[in-house]
Amino acid sequence: MAVKIKKQDPARSMGSKSPHSLLIAFFLSFTVFFQPLVTAAADELPGREEIERLAAGPAVSDLINLALRANPSIASARQGWRATVEGYRVAGAYPDPKISASYPTETRIGDEEWQIALSQTVPLPGRLTAEENAASADIRIAHITYEKVIRDLVAEVRQSAHELIYLQEAGTIAAGNRDLLDQLLASGTAGYARDRTSLIDLSKAAAQSGQLDYDAHLLAGTAATEKTRLNGLLGRAPDAVVGPLIPPALHPVNHSLDDIYLFVEKNGSDILLARAALEKSEKNVTLARYKTLPEFDAGLL
């Protein structure tokens with residue numbers, strides 16, 4: 001495709017457009033500006049009722065639901081998955097066309113002419129399909145990674161919640177032991193005054209009282225640390241209030257250990273990621289073979 005612009009007389013060229021303005025208009029008419037859409041996923045903070053429920057005594061399911069909505073790792077993995085999906089359309093598309101313009105030169109007949117060329121790279125048949133297959137493998141890996149992030153987060157929240165339940169139950173037992181020991185000390189002191197209790201037994205009970213105080217202090221510190229970790233998983237402030245957790249109902253395991261092994265072998269996140277990576281490697285080998293082959297350009301001048 002050739003565009004020729006002949007030089008005109010000044011008198012005849014008044015009111016007409018110059019070659020430079022025509023060239024600018026040509027490029028503006030064929031140029032498309034793409035502005036990527038950036039979707040900012042705002043963290044869904046808990047409402048007032050949910051905050052009150054967390055302070056009063058939440059269930060493990062309440063913690064999991066909040067973590068899935070507020071934890072930033074979920075949003076990051078989801079956006080990474082969406083990015084690979086958007087890249088699939090680009091991978092299977094033809095390369096961008098090229099437009100070139102040559103500066104006007106004087107010809108033998110004295111005319112000035114602009115030359116504008118349009119060219120398009122044409123890959124060999126099967127190249128774009130190989131690109132799409134490689135991109136689809138990336139999408140599968142990103143999707144499995146997204147599901148793995150969800151499973152890991154749920155597992156961490158459950159582990160932290162059950163640890164807190166254990167600590168609060170242990171604190172209850174320690175408080176009960178403390179009350180029982182106080183009663184024994186009171187009875188032993190009265191018995192010692194009547195020569196019914198030996199001094200060494202009374203000393204052992206007093207030492208055990210100090211040990212119980214230390215255990216209670218240690219349990220309280222460990223519980224505070226675990227609450228800080230749980231608040232981090234929930235996307236909350238480290239010192240946010242978390243009330244006594246409701247212990248979940250315990251159900252019997254209806255599957256044998258071999259069945260569980262078989263299930264993990266088929267559906268384990270790490271195993272699925274390894275299989276997807278192997279599939280991607282095979283598709284990349286096919287794509288690499290096409291990249292060694294020549295490409296062709298078709299154009300108009």
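The preceding data block contains the structure.
Computed from a predicted model, the values in this text were never measured in an experiment.

Peer 1: Explain the overall build of the chain to me, using residue names and the numbers behind them.
Peer 2: When helices and strands are counted, the chain shows nine helices and three strands. Beginning at the N terminus, the succession of helices and strands in the chain can be written as α-α-α-α-α-β-β-α-α-α-α-β. The buried share of the chain, taken over its 301 residues, is 24%. Across the chain, contacts joining residues at least 24 apart in sequence account for 77% of those joining residues at least 6 apart. Summing over all exposed atoms, the chain offers an accessible surface of approximately 20900 Å²; the carbon and sulfur share of this is 59%.

Peer 1: Report on the environment of E50, specifying residues and quantitative values.
Peer 2: Within the secondary structure layout, E50 lies in helix α3 (residues 48-56). When the C-alpha atoms of E50 and L66 are compared, they prove to be 9.1 Å apart, with 16 residues separating the residues in sequence. Sequence-distant contacts of E50, defined by excluding residues within four places in its chain, comprise L66 and R69.

Peer 1: Lay out the packing of α3 against helix α4 (residues 60-70) with the relevant residues and their values.
Peer 2: Here α3 crosses α4 at 135°, and the two axes come no closer than 11 Å. As summarised for this structure, α3 and α4 are arranged oblique, according to the angle between their axes. Crossing angle aside, the handedness with which α3 passes α4 is left-handed. Taken together, the residues of α4 that come into contact with α3 (itself represented by E50, R53 and L54) are D62, L63, L66 and R69.

Peer 1: Can you tell me about a nonpolar patch on the surface, naming the residues and giving the values?
Peer 2: Taken together, the side chains of V253, L257, I260, Y261, F263 and V264 define a hydrophobic patch exposed on the protein surface, amounting to about 640 Å² of accessible area. Along the chain, the position of V264 falls in helix α8 (residues 257-267). Residue classification places V264 among the partly exposed residues on the basis of a relative accessible area of 43%.

Peer 1: Give a description of the environment of A55 that names residues and reports values.
Peer 2: Here A55 lies in helix α3. The exposure class of A55 is partly exposed, given its relative accessible area of 35%. Linking A55 and G243, residues 188 residues apart in sequence, is a C-alpha distance of 4.4 Å. If we ignore the near neighbours within four places in the chain, the residues touching A55 are V241, G243 and P244.

Peer 1: Give a description of the side chain of S160 that names residues and reports values.
Peer 2: Relative to the elements of secondary structure, S160 occurs in helix α6 (residues 127-193). Among the polar contacts listed, one links the side chain of S160 to the side chain of E226, at a separation of 2.8 Å. In contact with S160, other than residues within four places in its own chain, are E226, R229, L230 and L233.

Peer 1: Would you mind going over the pattern of salt bridges in detail, with residue names and values included?
Peer 2: Going through the model one piece at a time under the given rule, you end up with nine salt bridges. With a shortest N-O distance of 2.8 Å, K280 and D138 are connected by a salt bridge. You can see K280 sitting in helix α9 (residues 269-291) and its partner D138 sitting in helix α6, a full 142 residues away along the chain. A relative accessible area of 26% places K280 in the partly exposed class. With relative accessibility at 27%, the residue D138 sits in the partly exposed group. For the salt bridge of E226 with R229, the shortest nitrogen-to-oxygen distance reads 2.9 Å. Remark: R229 and E226 occur in helix α7 (residues 199-233); sequence separation between them is three residues, near one turn of the helix. The class of R229 is partly exposed, set by a relative accessible area of 35%. One continuous salt-bridge network, built from bridges that share partners, spans K148, D152 and D270.

Conventions we followed
- Residues numbered from 1 in each chain as written.
- Predicted model: local features only at pLDDT ≥ 70, side-chain atom pairs only at ≥ 80, totals over all residues.
- Heavy atoms only, no water.
- Helix = DSSP H or I, 4+ residues; strand = E, 2+ residues; numbered from the N terminus.
- Buried < 20%, exposed > 50% of the residue type's maximum accessible area, 1.4 Å probe, protein only.
- Contact = heavy atoms within 4.5 Å.
- Areas by Shrake-Rupley, 256 points an atom, 1.4 Å probe, with all protein chains shown as cover.
- Axes fitted to C-alpha atoms, helices over the stretch in contact; angles between N-to-C directions.
- Parallel < 35°, antiparallel > 145°, perpendicular 65-115°, else oblique.
- Left-handed = near helix turned anticlockwise from the far one by under 90°.
- Patch = residues over 30% accessible without salt bridge, like charges linked within 9 Å, V, L, I, M, F, W, Y side chains within 5 Å.
- Salt bridge = Lys/Arg side-chain N within 4 Å of Asp/Glu carboxyl O.
- Polar contact = N/O pair within 3.5 Å; in protein donor to acceptor, adjacent residues only side chain to side chain.

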